[in-house]
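Examining the three-dimensional arrangement
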Amino acid sequence: MSNACNNVICDLSRVFSFEHWARFYYTVERDGKTFLEVPAEVVEECRKKHPDLAPLLDETNNQELTYESSCQNVGAFVCRLYDGERYGPGVVTKTIDSKDFRIELHMFGLWLKGHENYLDEHNVDFDTWLEMFTEWNKLEQVAAYRTRLMESSAADTPAGEKTVH
C-alpha cells in the first residue's frame, strides 16, 4: 500500500472511528427511536482536540440515528472534509471501496467486539479510544492476522461489519 493510500485510509478510519465512538457512548432511546445526544461539554472538548471532526457532531447531535443515516452522514462528511481538498477528486470514494479500507473497518470491528465490555464500563474519551485501538494493532497476532487478510484475495476479504458501518 502506498503512503498516500495509507494516509487516506488513516484519515477516513479516524472519522469512522470518531462517529462510532460518539454513537457508542452518546446514543439514547426516546419514543422507540435512537438519538445521538452528546453533552455540550464533550462537544466543546472535541472542538478543542479535534476541530476537523467536531463539525460531524454539530451535524448529527440531537438527531435521530439509523444505520442508514449514520452511513450517509459519515460518507458525506468524509467527502466534504477530504475529497478534492486534502486528496484528489474521487480518491475518497475509491478508498472507501478498497480492500485495504474494508480490512481496516473489519479490524476495528474485531477490536470493538473484543473490548466492548471494557468500553461499556469505562467512558473513555476519543483520544483514549484511538490509543487503545492503535496499541491493539501493534500486537504481533493482530499484525499477523492483518497481513493474512492483505494477502488474501478480494473475495476472501471480510466485508465491513454492519455494527461498524
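The notes below deal with the structure included here.

What counts, and at which threshold
Sequence positions are assigned chain by chain, starting from 1 and proceeding in written order. Predicted model: local features are reported for residues with pLDDT of at least 70 only, side-chain atom pairs are reported and counted for 80 or more only, and whole-chain, interface and lining totals are derived from all residues. The basis for every side-chain value is the complete set of heavy atoms in the structure, and neither hydrogens nor water enter the calculation. Only runs of H or I of at least four residues qualify as helices and only runs of E of at least two qualify as strands under DSSP, and these elements are numbered from the N terminus. Only protein chains enter the accessibility calculation, which uses a 1.4 Å probe. A residue is then buried if its area is under 20% of the maximum for its type, exposed if over 50%, and partly exposed in between. Pairs of residues are marked as contacts when any of their non-hydrogen atoms sit within 4.5 Å. A 1.4 Å probe and the Shrake-Rupley method give the accessible areas. Residues count as covered only by the protein chains that appear here. Residues belong to a common nonpolar core when they are buried Ala, Val, Leu, Ile, Met, Phe, Trp, Tyr or Cys residues joined through side-chain atoms within 4.5 Å. Comment: axis = line fitted to C-alpha atoms, over the contacting stretch for helices; angle = value between 0 and 180 degrees taken between N-to-C directions. An angle counts as roughly parallel when it lies under 35 degrees, as roughly antiparallel when it exceeds 145, as roughly perpendicular when it falls between 65 and 115, and as oblique in every other case. If you view the pair so one helix is near and one far, a crossing is left-handed when the near helix is turned anticlockwise from the far one by less than a right angle, and right-handed when it is turned clockwise. Charged means Asp, Glu, Lys or Arg here, nonpolar means Ala, Val, Leu, Ile, Met, Phe, Trp, Tyr, Cys or Pro, and polar covers whatever is left, Gly included. The term salt bridge refers to a side-chain nitrogen of Lys or Arg lying within 4 Å of a carboxyl oxygen of Asp or Glu. One less than the number of residues in a helix, times 1.5 Å, gives the span that helix is expected to have. To obtain the arc, one takes the directions from the helix axis to the C-beta atoms. Under this definition, polar contacts are N or O atom pairs within 3.5 Å; protein pairs additionally need one hydrogen-donor-capable and one acceptor-capable atom, and for neighbouring residues in sequence, both atoms have to be side-chain atoms.

**Section: the overall build of the protein chain**
Helix and strand content of the protein chain: eight helices and two strands. Scanning the protein chain from its N terminus toward the C terminus, one meets helices and strands in the order α-β-β-α-α-α-α-α-α-α. For the protein chain, the proportion of its 165 residues judged to be buried stands at 42%. Put simply, of all contacts in the protein chain between residues at least 6 apart along the chain, 72% involve residues at least 24 apart. By element, 50% of the accessible surface of the protein chain is carried by carbon and sulfur atoms, the whole surface being about 9000 Å².

**Things to note about the nonpolar core**
With 42 residues, the main nonpolar core has W21, W111, L119 and W129 as its most contacted residues. Mapped onto this core, the elements with two or more residues apiece are α1 (3–26), α2 (40–49), α3 (54–60), α4 (67–82), α6 (99–121), α7 (126–137) and α8 (140–151). Setting aside chain neighbours within four positions, we find W21 in contact with Y26, V42, C46, V124, D125, F126 and W129.

**So, the packing of α6 against α7**
Any two packed helices are characterised by the angle at which their axes cross and by the distance between the axes. α7 packs onto α6 with a crossing angle of 115 degrees between their chain directions and a minimal axis gap of 10 Å. Judged by the inter-axis angle, α6 sits roughly perpendicular to α7. Judged by the sense of rotation from one axis to the other, the crossing of α6 with α7 is right-handed. Residues E104, M107, F108, L110, W111, L112, H115, Y118 and L119 of α6 touch α7, and the partners they reach there are W129, M132, F133 and W136. Per-class residue counts for the contact of α6 with α7 are 11 nonpolar, one polar and one charged.

**What about the side chain of N61?**
Inspection of the secondary structure puts N61 in the loop between α3 and α4. What makes N61 buried here is its relative accessible area of 14%. When neighbours within four sequence positions are excluded, N61 is seen to be in contact with L36, E37, V38 and V43.

**Quick word on the pattern of salt bridges**
Per the stated rule, a full pass over the model turns up 12 salt bridges. R47 is the salt-bridge partner of E44, the closest N and O atoms lying 3.9 Å from each other. Of this pair, E44 and R47 both sit in helix α2, three residues apart, roughly one helical turn. A salt bridge links R80 to E59; the nearest nitrogen and oxygen atoms lie 2.6 Å apart. One end of the pair, R80, is in helix α4; the other, E59, is in helix α3, and 21 residues separate them in sequence. Looking at R80, the relative accessible area reads 47%, which means it is partly exposed. A cluster of three or more residues bridged by salt bridges with shared partners is formed by E45, K49, D125 and D127.

**Some words on the packing of α6 against α8**
Contact geometry of α6 with α8 gives a least axis separation of 10 Å together with a crossing angle of 150 degrees. Viewed along their axes, α6 and α8 form a crossing whose handedness is right-handed. Contacts from K99, D100, I103, E104, H106, M107 and L110 in α6 reach V142, Y145, R146, L149, M150 and E151 in α8.

**Focus: α7**
With 12 residues, α7 should reach 16 Å at 1.5 Å per residue; the first-to-last C-alpha distance of 17 Å fits that figure. Those residues of α7 lying buried are F126, W129, M132, F133, W136 and N137. Viewed along the axis of α7, the buried residues span an arc of 135 degrees, placing them on a single side of the element.

**A look at the side chain of H106**
Mapped onto the elements of the fold, H106 is located in helix α6. Of note is the side chain of H106, whose polar atom sits 3.0 Å from the side chain of Y145.

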